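Here's the letter readout for the chains.
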Amino acid sequence: MPADPRPAAPHAVDLWLFGLRQCAFFFFLIPFLLHADPPRLPLPQEDRTNGKHTLAAVERLKPLTVACAARIESPLGRSICTATIVGEDGYVLIKASEVPELHKTRIKFSDGRTADLREVHRETRLDLVLAQAVGITGLRAVSFGGAHSLGLGQWLCSVADAGKDTRIGIVSAKFRRIPGEGAAMGIRMDVKASKDGKGVRIVGIASESPAEAAGLQEDDVLLTIAGEKVAAVDRVYDIVKKRQPGEIIDIHYLRKDKEESCRVRLASRTKVMNNWEGEDFANGGISLRSDNFPEVLQHDIPLLPTDMGGPVATLEGKVVGINIARVDRVTTFALPLEAFWTEAQLWIKADRHPPKAVLAQ
């Protein structure tokens, strides 16, 4: 008779031994369960970003950053941008495209003093202007350190809130050149020549563009730009692209047969196009000039366009660059020390020690 293929039922003794082992294992775990760490609660909102507990770790850096920065403001006290102090006798570096008319601004220091500004040297290639606060001495200048030794993910600290506070972030990309795409007003034009050959009609205005800010509207007819007559679309492009973002140009135009004029402050073509195509997710705006830099240090410190021009430093307190452009909500470009400081020292030296006057022969 063949054997039964079904497994034999477990014996009562085997079941008793199995239960005993399970109980022993449970009692063995009890001491560990009693002493286990309680489950961690989620981080409070204050600790998830640049909150007070996070920034407490860099509080000691304030004398090396905030005290070395100043606020550039309008005569009515509106923040325009930030300045980095590079000389105890009032020399500062500022983002040039934000202050095309420097004489119409003033500077306010962290100790409460204010002063007029004297323009010393404007370097369009770097988007920097060297200026001096009139009648101000005893300032704390930044202590510079090399930037090229920084690696991806390295912590950085920067001034924010118009030079009043600090924020931290990391190096988020490799050093590189940022090519430029030229300046733009933010208008679309009728490619067909006007019947009388005088002027170019506007058929579209970009949102938050220089043209919109200046008050231009659809159906306005451009007559002259920067003093030059325009009768074709290509001519408008040629005049504008020769200029840098931040420059101000005078425009004369017709509106309902009445000639009017305005001043347009140009922006980077990349900024204008991002706005036009609905891709500007900046949440606070981006800089007028955000490209055409010989080299940049990219980081993710949460800043605003008004914070551009301020110093960015390592957590050891060495300033490694100057913030030069807010590009989008997670990207800021800074000019690394190596890109500007050798030249800037020559500008300062030439201004402090100008050539002596000599008698004409």
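Chemist: Quick rundown of the overall build of the protein chain? Include the residues and the values.
Modeler: A tally of helices and strands in the protein chain yields seven helices and 21 strands. When burial is assessed residue by residue, the protein chain has 43% of its 361 residues classed as buried. Considering only intrachain contacts with a sequence separation of at least 6, the fraction spanning at least 24 residues in the protein chain is 61%. For the protein chain, the computed accessible surface area is about 20100 Å², with 56% contributed by carbon and sulfur atoms.

Chemist: Please provide a residue-by-residue account of the pattern of salt bridges, values included.
Modeler: Across all of its chains, the model carries 19 salt bridges by this definition. Residue Glu 73 is joined to Arg 106 by a salt bridge in which the shortest nitrogen-to-oxygen separation is 2.6 Å. Highlighted residues: Glu 73 in strand E1 (residues 69-73) and Arg 106 in strand E4 (residues 106-109), separated in sequence by 33 residues. In this structure Glu 73 comes out as buried when scored by relative accessible area, which is 3%. What makes Arg 106 partly exposed here is its relative accessible area of 29%.

Chemist: I'd love a proper account of the sheet that holds strand E2 (residues 79-85), names of residues and values included.
Modeler: Whenever strands of a sheet pair, they do so through backbone hydrogen bonds, lying parallel or antiparallel. Strand order around the closed barrel formed by six strands is E1-E2-E3-E6-E5-E4, with antiparallel pairing between neighbours. Strand after strand, the sheet turns through a mean of 40° between neighbouring axes, direction not considered. The pairing of E2 with strand E3 (residues 91-95) spans three bridges and is classified as antiparallel. Looking at the pairing, Thr 84 lines up with Leu 93 of E3.

Chemist: How would you summarise empty space enclosed by the protein if you had to cite specific residues and measurements?
Modeler: Any empty space left between the atoms is revealed when a probe the size of a water molecule rolls over them. Taken as a whole and judged by the stated rule, the model has one cavity of 30 Å³ or more. Lining the largest cavity are His 299, Asp 300, Ile 301, Pro 302, Leu 303, Arg 326, Asp 328, Arg 329, Val 330, Thr 331 and Thr 332. Of all elements in the fold, only strand E20 (319-328) and strand E21 (331-336) reach the threshold of two or more residues within the lining of the largest cavity. Here the residues of the lining of the largest cavity are counted per class, giving four nonpolar, three polar and four charged.

Chemist: Which residues make up the pairing of E3, and what are the values?
Modeler: E3 sits mainly inside the fold: five of its five residues count as buried. Here E3 shows no split at all, with Tyr 91, Leu 93 and Lys 95 on one side and Val 92 and Ile 94 on the other all buried. Here E2 folds back onto E3 in antiparallel fashion, the turn holding five residues, of which Gly 90 has a positive phi close to 100°.

Chemist: Which residues make up the packing of aromatic side chains, and what are the values?
Modeler: Within the structure shown, the criterion is met by two aromatic pairs. Arranged with centres 6.0 Å apart and planes meeting at 70°, the rings of Phe 144 and Phe 340 form a pair that is edge-to-face. Placement of Phe 144 in the loop between strand E6 (128-133) and strand E7 (155-160) and of Phe 340 in helix H7 (residues 337-352) is noted, with a sequence separation of 196 residues between them. Judged by relative accessible area, Phe 144 falls into the buried class, the value being 17%. Both rings, one in Phe 144 and one in Trp 341, keep their centres 4.6 Å apart while their planes meet at 45°; by these two values the pair is tilted. A residue pair is termed long-range when its members are at least 10 positions apart, and Phe 144 in the loop between E6 and E7 and Trp 341 in helix H7 qualify at 197 residues. In terms of burial, Phe 144 and Trp 341 fall into one category: buried. Through a chain of ring-to-ring contacts, three or more aromatic side chains come together here, namely Phe 144, Phe 340 and Trp 341.

Chemist: Lay out the nonpolar core with the relevant residues and their values.
Modeler: Core analysis: the largest hydrophobic core is formed by 26 residues, its most contacted members being Val 86, Leu 93, Phe 144, Phe 293, Phe 333, Phe 340 and Trp 341. For this core, the secondary structure elements donating two or more residues are E3, E6, strand E18 (293-299), E20, E21 and H7. Per-element tally for this core: the top contributor is H7, with six residues. With near-sequence residues (within four places) excluded, Phe 293 lies in contact with Lys 95, Leu 126, Asp 127, Arg 177, Ile 178, Ile 324, Ala 325, Phe 333 and Leu 335.

Chemist: Tell me about unusual backbone geometry, and please be specific about residues and values.
Modeler: Although it is not a glycine, Asp 219 adopts a positive phi angle of roughly 80°. Of note, Asp 219 is situated in the loop between helix H4 (210-214) and strand E13 (221-225). For Lys 256, which is not glycine, the phi torsion reads 55° and is therefore positive. Checked against the element boundaries, Lys 256 lands in the loop between strand E15 (248-255) and strand E16 (258-265). Exposure remark for Lys 256: the relative accessible area of 81% places this residue in the exposed category.

Chemist: Give me the sheet that holds strand E19 (residues 311-314): which residues, what numbers.
Modeler: One open sheet holds the seven strands; their spatial order is E8-E7-E19-E20-E21-E18-E9, and the pairing between them is antiparallel. Edge positions in the open sheet fall to strand E8 (165-170) and strand E9 (176-178), since each of these has one partner strand only. Between one strand and the next, the sheet's axes are offset by a mean angle of 45°, whatever the strand orientation. Taken together, the two bridges between E9 and E18 define a ladder with antiparallel strand orientation. Each residue of the ladder has a partner; that of Arg 176, found in E18, is Val 296. Contacts between H7 and the sheet are confined to E18, E20 and E21, with E21 contributing the most and set at about 40° to the helix.

About the criteria used
- Residues numbered from 1 in each chain as written.
- Predicted model: local features only at pLDDT ≥ 70, side-chain atom pairs only at ≥ 80, totals over all residues.
- Heavy atoms only, no water.
- Helix = DSSP H or I, 4+ residues; strand = E, 2+ residues; numbered from the N terminus.
- Buried < 20%, exposed > 50% of the residue type's maximum accessible area, 1.4 Å probe, protein only.
- Contact = heavy atoms within 4.5 Å.
- Areas by Shrake-Rupley, 256 points an atom, 1.4 Å probe, with all protein chains shown as cover.
- Salt bridge = Lys/Arg side-chain N within 4 Å of Asp/Glu carboxyl O.
- Pairing = 2+ DSSP bridges.
- Axes fitted to C-alpha atoms, helices over the stretch in contact; angles between N-to-C directions.
- 1 Å grid on protein atoms, 1.4 Å probe; cavity = no way out; pocket = protein on both sides within 12 Å on 5 of 7 lines; lining within 4 Å.
- Points joined across faces, edges and corners; volume = space filled by probe spheres on them.
- Nonpolar A, V, L, I, M, F, W, Y, C, P; charged D, E, K, R; others polar.
- Phe/Tyr/Trp six-rings, centres within 6.5 Å; stacked < 30°, edge-to-face > 60°.
- Core = buried A, V, L, I, M, F, W, Y, C linked by side-chain atoms within 4.5 Å.

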